[in-house]
Structures are given as C-alpha cells and as structure tokens.
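Chains, contacts and geometry: an overview
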Protein chains: 2
Amino acid sequence: MRSREKLTHAMADLLWEDGYAATSPKRVLTRAGVGQGSMYHYFSGKHELAVEAIRELADQYVENSSVLDEDAPPLDRISRYLMQPRPGLRGCKVGRLTQDPQVFADDEMIGLVAGAFDVALSKWTKVIDEAIACGELPAETNSTQLAMTLASVLQGGYVLARAYRSQKPMDEAIAGAISLLNTAKSQAAASTE
Amino acid sequence: MRSREKLTHAMADLLWEDGYAATSPKRVLTRAGVGQGSMYHYFSGKHELAVEAIRELADQYVENSSVLDEDAPPLDRISRYLMQPRPGLRGCKVGRLTQDPQVFADDEMIGLVAGAFDVALSKWTKVIDEAIACGELPAETNSTQLAMTLASVLQGGYVLARAYRSQKPMDEAIAGAISLLNTAKSQAAASTE
DNA sequence: GTCTATATTTCGATAGAC
DNA sequence: GTCTATCGAAATATAGAC
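Here's what I pulled together on the structure shown here. Position labels on residues start from 1 in each chain and follow its written sequence. Naming scheme: in the order in which they are written, chains are lettered from A and ligands are numbered from 1. Local features are withheld for residues below a pLDDT of 70 in this predicted model, meaning they are given only at 70 or higher, and side-chain atom pairs are given and counted only at 80 or more; totals for whole chains, interfaces and linings count all residues. To get the side-chain values, take all heavy atoms of the structure and skip hydrogens and water.

**Thoughts on the overall build of chain A**
- Per the secondary structure count, chain A includes 10 helices and 0 strands.
- In terms of overall dimensions, chain A has a C-alpha envelope of 70 × 30 × 30 Å along the principal axes.
- We call two residues contacting when some pair of their heavy atoms lies within 4.5 Å. Long-range pairs, those at least 24 residues apart, make up 64% of the contacts in chain A with a sequence separation of at least 6.
- Considering chain A, the positive charge centre built from 20 side chains and the negative charge centre built from 25 side chains are found 9 Å apart. Going along the chain from the N terminus, every DSSP run of H or I of four or more residues is numbered as a helix, and every run of E of two or more is numbered as a strand. Charge convention: Lys and Arg are scored as positive, Asp and Glu as negative, and His as well as the terminal groups of each chain are ignored. A charged residue contributes its charge at one atom only: NZ of Lys, CZ of Arg, CG of Asp or CD of Glu.

Set out below in structure tokens:
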C-alpha cells in the first residue's frame, strides 16, 4: 500500500473512533507507520487529510446501502437492510461525523456527509414507493417522511447503543420499527380486500 | 451567580457545542468570566468540571420528558412529546454526548448519560403500556421495543438535521413516526370492533 | 518521496501573591 | 476565594537532510 493510502485509512479509522479534535497528526502518522514528512508531502495538513478520509468513509457507507436496490419484494429489502449487522458501539461511520463539532462546522466535510445520506435516502424513498405501488404499504404513506423515519431509527439506535454501551437497545429499536412496518403492511392488505 | 455555577454552566454550554476534546479549560474560564484559580479551587481539573456539567445537562433532559407523565390520552402525550420544539442543529444535550469519544470512554460520564435515558425510556414504556391498555395501540405491541424505536427516531432526527444543516429532515422523520403510530392506532381500533 | 529535527502555539495544571 | 505568572507536555506545522 502506498503511503498516501496508509494515511487516509489511518485517518478514517481515527476519525471514526476518536473524532477530529482528538486525532493528532502524530497519531495518524504512528498508526499509518510513515514519517511526518510523508504527510505534509501529500497533504497540506490535518484538514485536507481529514477531508480525503471522510470521502473514503462516505463511499463505504454508500456501498453498504446497496441491499435496498436488490431484486426482492420491497418490504423484504427494507427489513433486510434494517437487520444488517451494525457495530452499535462504534457508531455509524458517517452519522457519527455529524455530531463531531469540527466536522459540522466545516462546509466541505459536512457536505460529504450530507452527500452520502442523500444517496441512501433516495434509495430508501424509491424502495418505499415501490412498496406502496405493489400494495405492501398503505397508499397514503408519505415515502419521504418514512424514509427519514427509518434512517433516523438506525442513526438513533447507534446513539442508544453507545449510551448503554450495549448492542441491545439498537436491536430493540430496529425490531420495533419492523413491527410498525408490519402493522402498516396488514393495514394495506386489509384495505385492498 | 457564584463562580462555581458560572463554571459549570459555561462547561455545559461548551460541551454541548464543541465537545470535550475541543473545550479547553481556558475557553471555559473566558466564557465564565472568572480567573484560572477559581476553577482549580472548586474542581480538581477539566474532568471533574465536565462531570458536574454533564450532571446538569442530564437533569435538564429529564425535566423535558415530563410531558409523557401528564394527564391526557396516552397517544396524545406521545405525539405531543414527539412534536415538542427541538433544536435539531444543536443536537440533543444528552444524545450528542454519546458520540463524544472522550465521554463515551469515561465510565462516570457515560453513566450519567445512560441514567438520563433510563428515566426517559421508562416514561416512554409506561405511556405505551397505558396506550395498549386503553386500546389505542394493538395488544401485541412490545412496549420496550417501541419505546426504543421512538427514542431512536428523535435521536436519529438530530443526526439527519445536522447532516443537512436543516431542521426539516428531523421534522419529517418525526411526522413519519406519528403516521406509523396512527396506522397502528386504527389497526387496534379495528380489531376491537 | 520519505525521513528527522525543530519552531511555535496551545493545553492542562501548579505556584504563590493578594 | 480569586487572581496572574509560569511550567512541562502535546499539538500542528516547517526546515532541510538523504
């Protein structure tokens, strides 16, 4: 691996774990296993390196949402995506960054985060619209709102998991959301009879 | 106001805004308008001051959940609590702290956060159980799970609001959750007919 | 390209005057 | 109790050798 890549990977890791403020250039260098000169050769400083690292995290996040595009009944895809294994205690690679004060204050960095959510939310909206079209969800369903709700359950699940230092609250939150969706499903089925 | 209080208020403010790592004792002193000696007179250092400040934030959070205890139909209380005005861009006073690496790593600080959520979640569970008892929600509803789900929608709403630097995604997420609850309500009504 | 040495500033804490 | 002066360590960045 090239020094440049080692640096962005190390920075991405540390951003996810420790946040921007607590991640010093020195720690990045140590973890990457390169000298100080390499970093200032490729990047103008901590900020530029962080931007590159966030780009990497955002790309990974988008890749993970591909389940929503698969070829299966819409509600199945939704459940499957909701139930994907998630590291509740570490937090969402992208969502965590929104709560990082330095990231939030920086137009470029928060822009990358918003861009990642944009991609995922448009997939959510699409699959919900498909569920409505094939009668798996009530016709009155507002797909934009429901997409936000489901994305929020995941993001909020991470918050509760970290508060309790346990995966369980997050799993329960997700199970509760799936129950609500199933209730909506039977409602939709009843109204088409 | 006493110096001690000025210090804890300033620290609470800065913790909420900028997080633990980025909040230096000097900034706290400046904002509180006291000298350096005062801080080390009352507190052993930054950590002890932060613990005291988090205690303050946790108390404020718990106070805000009192709507759930009021005297009104359970689902009304739930909707009202969900629709309470919230500063999406600033984030939740308590939830934000779970994503702060230094807070998360500290037993005492994260314990205070978990304690605040405990109080709120038990209120959520109670009001949901009451809704089930009076037929406003289906009998099969798992109140623990639904409590986690609703708390997650709020916490996740803050995440989306900050990602987009807009209150709107949070409001939509909450509206979507209320729609799901209303669907469940009509389901419950139908099954008792 | 990659390294080490070093400069400058800020951090967190202590000392000691009043 | 509250203040200012100051310390030692770490953060961020630059200089310059190889």
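**A look at the environment of Asp-69 of chain A**
Residue and element names in this part refer to chain A.
- Counting through the fold element by element, Asp-69 comes out in the loop between helix H4 (46–64) and helix H5 (74–83).
- Only protein chains enter the accessibility calculation, which uses a 1.4 Å probe; a residue is then buried when its area is under 20% of its type maximum, exposed when over 50%, and partly exposed in between. Classification of Asp-69 as partly exposed rests on a relative accessible area of 42%.
- Considered as a pair, Asp-69 and Leu-97 are 28 residues apart in the sequence and their alpha carbons are 25 Å apart.
- With sequence-adjacent residues up to four places away left out, Asp-69 is seen in contact with Arg-77 and Lys-123.

**Quick notes on the protein's contact with DNA strand C**
- In the vicinity of DNA strand C lie 14 residues, with Gly-35, Gly-37 and Tyr-42 of chain A together with Pro-25 and Gln-36 of chain B positioned nearest.
- Within 4 Å of the protein, the contacting atoms of DNA strand C are 59% sugar and phosphate, with bases supplying the remainder.
- Pairs of N or O atoms within 3.5 Å make up the polar contacts considered here, provided that, within protein, one atom can donate a hydrogen while the other can accept it, and that residues adjacent in sequence are counted only when both atoms are side-chain atoms. Here a phosphate oxygen of DNA strand C sits 3.4 Å away from a polar atom, N or O, in the side chain of Ser-3 of chain A.
- At a separation of 2.7 Å, a phosphate oxygen of DNA strand C approaches a polar side-chain atom of Tyr-42 of chain A.
- Listed by contribution, the elements that provide at least two residues to the surface near DNA strand C are helix H3 (36–42) of chain A together with helix H3 (36–42) of chain B.
- The dominant element in the surface near DNA strand C, judged by the number of residues it contributes, is H3 of chain A, at 5 residues.
- Gly is placed with the polar residues, together with every amino acid not listed as nonpolar (Ala, Val, Leu, Ile, Met, Phe, Trp, Tyr, Cys and Pro) or charged (Asp, Glu, Lys and Arg). Residues belonging to the surface near DNA strand C are distributed by class as follows: 4 nonpolar, 9 polar and 1 charged. Whether a residue is near a molecule or strand depends on its heavy atoms: it is near if one of them lies within 4 Å of it.

**Section: the protein's contact with DNA strand D**
- The local shell around DNA strand D holds 15 residues, among which Ser-24, Pro-25 and Gln-36 of chain A together with Gly-35 and Gly-37 of chain B are the closest.
- Looking at DNA strand D alone, sugar and phosphate atoms form 61% of those within 4 Å of the protein.
- Pro-25 of chain A has a polar backbone atom sitting 3.3 Å from a phosphate oxygen of DNA strand D.
- Residue Tyr-42 of chain B places a side-chain N or O atom 2.8 Å away from a phosphate oxygen belonging to DNA strand D.
- Ranked by the residues each element gives to the surface near DNA strand D, the list is headed by H3 of chain B, at 5 residues.
- Class assignment for the residues of the surface near DNA strand D results in 4 nonpolar, 10 polar and 1 charged.

**Observations concerning the interface of chain A and chain B**
- Counting from both sides, the interface comprises 53 residues of chain A and, opposite them, 53 residues of chain B.
- Buried area is a sum: the accessible area each of two parts loses on coming together, probed at 1.4 Å, counted once for each and added. Summed over both partners, the interface of chain A with chain B buries about 4,400 Å², with 64% contributed by carbon and sulfur atoms.
- Considering only the surface of chain A that becomes buried against chain B, Gln-99, Arg-165 and Leu-180 of chain A emerge as the three largest contributors, covering 16% of it.
- With its nearest N and O atoms 2.7 Å apart, the salt bridge here joins Asp-107 of chain A to Arg-165 of chain B.
- Put simply, chain A and chain B have 16 residue pairs in polar contact (both at pLDDT 80 or more) between them.
- For the side of chain A that touches chain B, the secondary structure elements donating two or more residues are helix H1 (3–18), helix H6 (95–98), helix H7 (101–105), helix H8 (107–133), helix H9 (143–164) and helix H10 (168–191) of chain A.
- Ranked by residue count, the leading element in the side of chain A that touches chain B is H9 of chain A, at 17 residues.
- Taken together, the residues of the side of chain A that touches chain B break down into 26 nonpolar, 17 polar and 10 charged. In the sections that follow, a salt bridge refers to a side-chain nitrogen of Lys or Arg positioned within 4 Å of a carboxyl oxygen of Asp or Glu.

**A word on the relation of the copies chain A and chain B**
- Rotating chain A by 180° about the axis while translating it 0.0 Å along that axis superimposes it on chain B, leaving an RMSD of 0.1 Å. Here the copies are linked by what is in effect a two-fold axis. For chain A, the residue whose C-alpha comes nearest the rotation axis is Gly-156 of chain A, separated from it by 1.9 Å. Superposition of the copies used a least-squares fit over C-alpha atoms from residues whose pLDDT is at least 70 in both.

**A few points about unusual backbone geometry**
- Phi at Arg-165 of chain A is positive, roughly 50°, even though this residue is not glycine.
- Looking at the secondary structure, you find Arg-165 of chain A in the loop between H9 and H10.

**Section: the nonpolar core**
- Counting residues in hydrophobic clusters, the biggest one holds 131 residues, and the most contacted among them are Trp-124 of chain A together with Trp-124 of chain B.
- Ranked by residue count, the leading element in this core is helix H8 (residues 107–133) of chain B, at 13 residues.
- Trp-124 of chain B has contacts with Leu-68, Ile-78, Tyr-81, Leu-82, Ala-147, Leu-150, Ala-151 and Leu-154 of chain B, leaving out every residue within four places of it along the chain. Among buried residues, the Ala, Val, Leu, Ile, Met, Phe, Trp, Tyr and Cys ones that are joined through side-chain atoms within 4.5 Å form a nonpolar core.

**A short note on the side chain of Arg-86 of chain B**
Residues and elements named next belong to chain B.
- By secondary structure assignment, the location of Arg-86 is in the loop between helix H5 (74–83) and helix H6 (95–98).
- The buried charged residue Arg-86 lacks any salt bridge partner; its closest oppositely charged side chain belongs to Asp-171, at an N-O distance of 7.8 Å.
- If we ignore the near neighbours within four places in the chain, the residues touching Arg-86 are Tyr-81, Leu-154, Tyr-158, Gln-167 and Met-170.

**Describing the packing of aromatic side chains**
- Between the rings of Phe, Tyr and Trp (Trp by its six-membered ring), a pair exists once the centres lie within 6.5 Å; its type follows the angle of the planes, with under 30 degrees stacked, over 60 edge-to-face, and the other angles tilted. Inspection of every chain in the model, using the stated rule, returns 4 aromatic pairs over all chains.
- Plain terms: the ring middles of Tyr-61 of chain A and Phe-117 of chain A are 5.5 Å apart, the flat faces sit at 65° to each other, and that makes the pair edge-to-face. Placement of the pair is Tyr-61 of chain A in helix H4 and Phe-117 of chain A in helix H8, with a sequence separation of 56 residues. Exposure class is identical for Tyr-61 of chain A and Phe-117 of chain A. Each is buried.
- Two limits define a charge over a ring: the Lys NZ or Arg CZ must be within 6 Å of the ring centre, and within 35 degrees of the ring normal. For the cation-ring pair, Arg-165 of chain A lies above Phe-104 of chain B, with the distance from its terminal atom to the ring centre recorded as 5.5 Å.

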